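Read off the chains here:
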Amino acid sequence: SQQGEEDPQALSIQEGENATMNCSYKTSINNLQWYRQNSGRGLVHLILIRSNEREKHSGRLRVTLDTSKKSSSLLITASRAADTASYFCAATGANSKLTFGKGITLSVRP
Amino acid sequence: NAGVMQNPRHLVRRRGQEARLRCSPMKGHSHVYWYRQLPEEGLKFMVYLQKENIIDESGMPKERFSAEFPKEGPSILRIQQVVRGDSAAYFCASSFGRAAYGYTFGSGTRLTVV
């Protein structure tokens with residue numbers, strides 16, 4: 001299984017602080033993706049990093065990938081209350097399907 | 001481009017009834033994936049379809065569940081004789097190609113079995 005497992009399970013920070021979320025997976029992947037889910041809503045694709053990439057940026061998001069450790073991290077800089085959501089990493093292997101972790105609940109206090 | 005459209009948003013069924021969940025992929029996307037999310041959990045893969053073909057149904061229960069993606073019209077996830085344990089959010093995602101790109105998810109159908 002290429003299951004993504006996120007760490008920590010829950011994170012509470014003050015607005016303006018940075019939030020770092022980690023994800024580990026088990027087998028080789030084609031790419032790894034991060035998604036956000038607001039309570040009771042669908043998933044929003046945030047960023048995709050391919051297996052041959054080490055770091056990627058998108059606005060306030062920075063994602064890293066270490067294939068030797070089979071891990072990825074998502075950094076949200078200068079967090080805002082609107083960033084409060086659940087965040088999921090999902091690994092894609094050769095079989096195309098995404099395998100999700102259980103997610104990280106991020107709370108950003110105003 | 002309306003994105004991935006799922007309907008209904010909420011569905012209530014009595015035990016033993018049938019549930020039909022519909023998913024219209026993004027324009028130009030021919031790959032559709034169904035996922036189930038139980039409360040406080042991540043998404044679990046159910047089935048991957050391409051037009052008129054089931055590519056991978058390894059995550060779908062063998063009984064009572066079926067999926068199709070006809071040449072014309074939306075993809076349908078069908079649950080027969082629903083039980084309380086089927087209560088969950090069911091999400092559909094579509095992609096342009098296999099694996100290489102991010103998936104676009106619909107807003108989901110929340111099924112409640114009473």
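See above for the structure.
What you see is a predicted model; the values in this text were computed from it and never measured.

S.K.: Mind showing me how you'd approach unusual backbone geometry here?
M.R.: Apart from glycine, the bulk of residues carry a negative phi angle, and the bulk of peptide bonds sit in the trans form. Residues and elements named next belong to chain B. Looking along the chain, the bond that leaves asparagine 7 and enters proline 8 is cis, with omega of 0 degrees. Position of proline 8 among the secondary structure elements: in the loop between β1 (5-7) and β2 (10-13). Although it is not a glycine, glutamate 52 adopts a positive phi angle of roughly 65 degrees. If you trace the backbone, glutamate 52 turns up in the loop between β5 (43-50) and β6 (53-56). Phi angles above zero are rare outside glycine, and glutamine 81 is one such case at about 45 degrees. On the secondary structure map, glutamine 81 appears in the loop between β8 (75-79) and β9 (88-95).

S.K.: Where do I start with the state of the cysteines in this structure?
M.R.: Such a bond, covalent and formed between the sulfur atoms of two cysteines, is termed a disulfide. Residue and element names in this part refer to chain A. Here the structure, examined in full by the defined rule, presents two disulfides over all chains. The disulfide partner of cysteine 23 is cysteine 89, and the gap between their sulfur atoms is 2.0 Å. The S-S bond linking cysteine 23 to cysteine 89 shows a torsion near 70 degrees; that makes this disulfide right-handed. Of the two residues, cysteine 23 sits in strand β3 (residues 19-24) while cysteine 89 sits in strand β9 (residues 85-92), which places them 66 residues apart along the sequence.

S.K.: Just to check I follow, could you spell out the sheet that holds β8(B) for this structure?
M.R.: Hydrogen bonds between backbone atoms are what pair the strands of a sheet, whose relative direction is either parallel or antiparallel. Residue and element names in this part refer to chain B. Spatial ordering of the open sheet is given by β1-β3-β8-β7, a layout of four strands whose pairing is antiparallel. Only two strands of the sheet have a single partner each, and these edge strands are β1 and β7 (65-68). The average angle at which neighbouring strand axes cross in this sheet is 15 degrees, direction not considered. In this sheet, strand β3 (residues 19-24) lies alongside β1 in antiparallel orientation, the contact comprising three bridges. The residue bridging methionine 5 from the neighbouring strand is serine 24, located in β3.

S.K.: What's the story with the packing of aromatic side chains in this structure? I'm lost.
M.R.: Working definition: an aromatic ring pair is given by the centre-to-centre distance plus the angle between the planes. Enumeration over the complete set of coordinates arrives at nine aromatic pairs over all chains. Measuring from ring centre to ring centre gives 5.5 Å for Phe100(A) and Tyr35(B), while their planes differ by 85 degrees; the resulting arrangement is edge-to-face. Placement of Phe100(A) in strand β10 (residues 98-100) and of Tyr35(B) in strand β4 (residues 31-37) is noted, with the two residues assigned to different chains. The burial state of Phe100(A) is the same as that of Tyr35(B); both residues are buried. Arranged with centres 5.8 Å apart and planes meeting at 75 degrees, the rings of Tyr35(B) and Phe45(B) form a pair that is edge-to-face.

S.K.: Any chance you could explain the pairing of β9(A) here in plain terms?
M.R.: Moving residue by residue along a regular strand, the side chains alternate between the two faces of the sheet. Residues and elements named next belong to chain A. Across the eight residues that make up β9, a large majority, seven, are buried. Sheet topology note: the strand β4 (residues 31-37)/β9 ladder contains seven bridges and is antiparallel. Counterpart to glutamine 37 in the pairing with β9 is serine 86. Both β9 and strand β11 (residues 104-109) contribute to a ladder of three bridges, which runs antiparallel. Along β11, the bridge assignment pairs tyrosine 87 with isoleucine 104. Bridge analysis of β9 against β10 gives three bridges, and the strand direction is antiparallel. From the neighbouring strand, alanine 90 faces β10, where its bridge partner is phenylalanine 100.

What counts, and at which threshold
- Residues numbered from 1 in each chain as written.
- Chains lettered and ligands numbered in written order.
- Predicted model: local features only at pLDDT ≥ 70, side-chain atom pairs only at ≥ 80, totals over all residues.
- Heavy atoms only, no water.
- Helix = DSSP H or I, 4+ residues; strand = E, 2+ residues; numbered from the N terminus.
- Disulfide = S-S within 2.5 Å.
- Pairing = 2+ DSSP bridges.
- Axes fitted to C-alpha atoms, helices over the stretch in contact; angles between N-to-C directions.
- Phe/Tyr/Trp six-rings, centres within 6.5 Å; stacked < 30°, edge-to-face > 60°.
- Buried < 20%, exposed > 50% of the residue type's maximum accessible area, 1.4 Å probe, protein only.

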